[in-house]
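Descriptive structure summary
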Amino acid sequence: MSNTAIVYDPIFIKHDQPGHPESAKRLEAIMNKISDSGLINKITQLKSRPATIEEVKFCHSEDYLERVREVCNTGGANLDTDTYTNKYSFDAAMVAVGSLIELTNAIINGPTKNGFALIRPPGHHALKNRAMGFCIFGNVAVAAKVALQNNEIKKVAIVDIDVHHGNGTQALIEDNTNILYISTHQYPFYPGTGGLKEIGKGNCEGTSMNIPLPTYVGDSGFRTIYNETIIPKIEKFHPDILFVSAGYDAHWDDPLANMGLSLSGYSWISEELVKISDKLCDSKIVFTLEGGYNLESLSFGVVNSIRALLGLNDYDDPMGNSTYEEPDINSLIKDLKKIHQL
C-alpha cells in the first residue's frame, strides 16, 4: 500500500451547475489526468464518508446546516449570488468535509504519510452561518479543528495557495491559538479581505499571516515570499500537521484571476511544502482542493502536487511561463518581516 493517499467520491460530480465556473468538469478533468498520468497505481484511494453533524458543528451552526439541508431537499437554489445548490449538494458538501477528515485521520494515525483530498464543493470562503464564493462548508477549518482533538496533534498550520483570500477559513479558526493560517492572494480582489495587518485578534494575534499580492507576481516572486516569509513563519510556529488549501487559480492563464504563477511555480511550492512537513511534521501534510478554473492548469497542477507528495519530481508544464513582468515586492516582504518578527 502506498504511503500517499487520495480520497474521492462520485457524489462530488453530482453537485453541478453547467456553465458555472465551479462545475463538475473541474473534478472530472482532474480524475482523467490522474488516470492518464499512471499515478493511480502509486497511490492508495481511501474510502470517503459523510461528516457527522457534530464534526461540522466545530465551525458551523446547526441552524445553518439545517437550512442547507432543507434547500437541497427541495431541489436546490442559490445560497448566495455565487453559490448554487441542487438536490445532491448537501450530501456532497457533507462527504467533502468527512472525506477530508478521514484522510487527515489516516495521516495522523498511519500508515498513510500524506495525501490529497479531491473534494468539492470547495470550502475556504464559507462562514459560520452562510455560504460564500462557491463554498458551502469550511472543509479545511473543520478538519483542522477535528485534528486538534487527536492527542498527537497540538498545533496545525494551514497554507492557502488559492488566488483568493480564504476569508472563511480565517474567520472560522481565528479563535484558536493552535492554528496558524497563511494566505497568499491577489489583492485588492474578491472577497476584499486579507490585508497585511489582519494577523489575528486578542490571544490569537500572530496566528494569521496575510500576504496581499499585486497582479502578476510570478514564480520568482513566490519563491522569494516562501523563502523569506512563509517558511520562516511555519518554522517559528512548528506545527504537527500541515494543511494546504490547494487552489490552482493563481496560474497565469486562469480565467478568474490575474496572477503569474506557472505550473512549474506551483510544483516548486508543492515540493517546498512537502519538504517543510518532512522537517517539522513527521511528513504529515494534507492537500485539499479549492479553486482553479482553467481545466488544463488545474488538472496538471493537481497531478504535479501528487507527484510532490510521492517524492517524484517529473513535473509537467506544457503551458510555460507567464509573459507578464513581475512587480517589485521588496517593500511587502520588508513589512511582513517586521509585522511577524521574522
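Attention in this report is confined to the structure presented alongside it.

Rules and cut-offs
Position numbers for residues count from 1 along each chain, tracking the sequence in the order it is written. It should be noted that, the model being predicted, local features are given only for residues of pLDDT at least 70 and side-chain atom pairs only at 80 or more, the latter also being counted only at that level, while totals for whole chains, interfaces and linings use all residues. Values reported for side chains reflect all heavy atoms of the structure, with hydrogen atoms and water molecules removed beforehand. Under the scheme used here, helices are H or I runs from DSSP no shorter than 4 residues and strands are E runs no shorter than 2 residues, and both carry numbers assigned from the N terminus. As a reference, a globule follows 2.2 Å times the number of residues to the power 0.38, and the radius of gyration itself is taken over C-alpha atoms. For every residue, the accessible area obtained with a 1.4 Å probe (protein chains only) is divided by the maximum for its type, and the residue is called buried under 20%, exposed over 50%, and partly exposed between those limits. It only takes one pair of heavy atoms within 4.5 Å for two residues to be counted as in contact. Pairs of strands are assigned from DSSP output, requiring at least two bridges between the strands. Fitted lines through C-alpha atoms give the axes, limited to the stretch in contact for helices. The angle between two N-to-C directions lies from 0 to 180 degrees. Throughout, a disulfide means two cysteine sulfur atoms within 2.5 Å of one another. Whenever a carboxyl oxygen of Asp or Glu lies within 4 Å of a side-chain nitrogen of Lys or Arg, that contact is scored as a salt bridge. Assignment of crossover handedness uses the view with strands pointing away from the viewer, where a clockwise path from the first strand over the helix to the second indicates a right-handed crossover. The pairing test for Phe, Tyr and Trp rings, Trp by its six-membered ring, is centres within 6.5 Å, and the orientation test on the planes gives stacked under 30 degrees, edge-to-face over 60, and tilted for anything in between.

**As for the overall build of the chain**
- Tallying secondary structure elements over the chain gives eleven helices and eight strands in all.
- Relative to the globule expectation of 20 Å for 342 residues, the C-alpha radius of gyration of the chain, 18 Å, shows essentially globular dimensions.
- Over its C-alpha atoms, taken along the principal directions, the chain stretches across nearly 50 × 50 × 40 Å.
- For the chain, the residues scored as buried account for 61% of the 342 residues in total.

**A word on the side chain of serine 299**
- Inspection of the secondary structure puts serine 299 in helix H10 (residues 295–310).
- A relative accessible area of 3% means that serine 299 is categorised as buried.
- In this structure serine 299 touches Ala29, Ile30 and Lys33, once residues within four positions along its chain are discounted.

**Describing the sheet that holds strand E2 (residues 44–46)**
- Read across the sheet, eight strands follow the order E2-E1-E3-E8-E7-E4-E5-E6 without closing on themselves; strand pairing throughout is parallel. Each having just a single partner strand, E2 and strand E6 (208–213) make up the two edges of the open sheet. Here the average twist between neighbouring strands, direction ignored, is 15°.
- Judged from the five bridges that link them, strand E4 (residues 156–160) and strand E7 (residues 241–246) form a sheet pairing that is parallel. Counted as the bridge partner of valine 159 is valine 244 from E7.

**Here we look at the side chain of serine 283**
- In this fold, serine 283 is placed in the loop between helix H9 (263–280) and strand E8 (285–289).
- The exposure class assigned to serine 283 is buried, which follows from its relative accessible area of 13%.
- Ignoring sequence-local partners within four residues, the contact set of serine 283 consists of Lys113, Asn114, Ser277 and Asp278.

**Examining the state of the cysteines**
- Tallied over the full model, the rule gives zero disulfides.
- Left unpaired, cysteine 59 is separated from the closest cysteine sulfur, that of cysteine 135, by 13 Å.

**Here's the deal with the pattern of salt bridges**
- For the structure on display, the rule yields 16 salt bridges.
- The closest approach of N and O atoms between glutamate 102 and arginine 49, which form a salt bridge, is 2.7 Å. With a gap of 53 residues between them, glutamate 102 in helix H5 (residues 89–109) and arginine 49 in the loop between E2 and helix H3 (53–56) connect regions that are remote in the sequence.
- The class for glutamate 102 is partly exposed, based on a relative accessible area of 29%.
- Among the charged side chains, a salt-bridge network with shared partners connects Glu22, Arg26 and Arg120.

**Focus: the pairing of E7**
- Buried residues dominate E7, accounting for six of its six residues.
- Alternating positions in E7 separate into two faces, Ile241, Phe243 and Ser245 on one and Leu242, Val244 and Ala246 on the other, with burial throughout.
- In the sheet, E7 pairs with E8 via five bridges, with the strands oriented parallel. By the bridge assignment, valine 244 is partnered in E8 with phenylalanine 287.
- On the question of chirality, the crossover connecting E7 to the parallel E8 by way of H9 is right-handed.

**Thoughts on the packing of aromatic side chains**
- For the coordinates displayed, the defined rule picks out eight aromatic pairs.
- With 5.9 Å between their ring centres and 85° between their planes, tyrosine 64 and phenylalanine 137 make a pair best called edge-to-face. Highlighted residues: tyrosine 64 in helix H4 (residues 62–73) and phenylalanine 137 in the loop between strand E3 (114–117) and helix H6 (139–147), separated in sequence by 73 residues. Residue tyrosine 64 shares its accessibility class with phenylalanine 137, and that shared class is buried.
- A ring pair is formed by tyrosine 248 and tyrosine 266, whose centres lie 5.0 Å apart and whose planes are at 40°; its orientation type is tilted.

**Considering unusual backbone geometry**
- Of the consecutive residues glycine 110 and proline 111, the connecting peptide bond is found in the cis state with omega at 5°.
- Note that proline 111 resides in the loop between H5 and E3.
- Cis peptide bonds are those with omega within 30 degrees of zero, and the linkage from arginine 120 to proline 121 qualifies with 5°.
- Position of proline 121 relative to the elements: it lies in the loop between E3 and H6.
- The backbone of phenylalanine 134 sits at a positive phi, close to 80°, despite the residue not being glycine.
- Following the sequence through the fold, phenylalanine 134 ends up in the loop between E3 and H6.
- Residues other than glycine seldom take positive phi values, yet histidine 238 does so here, at roughly 55°.

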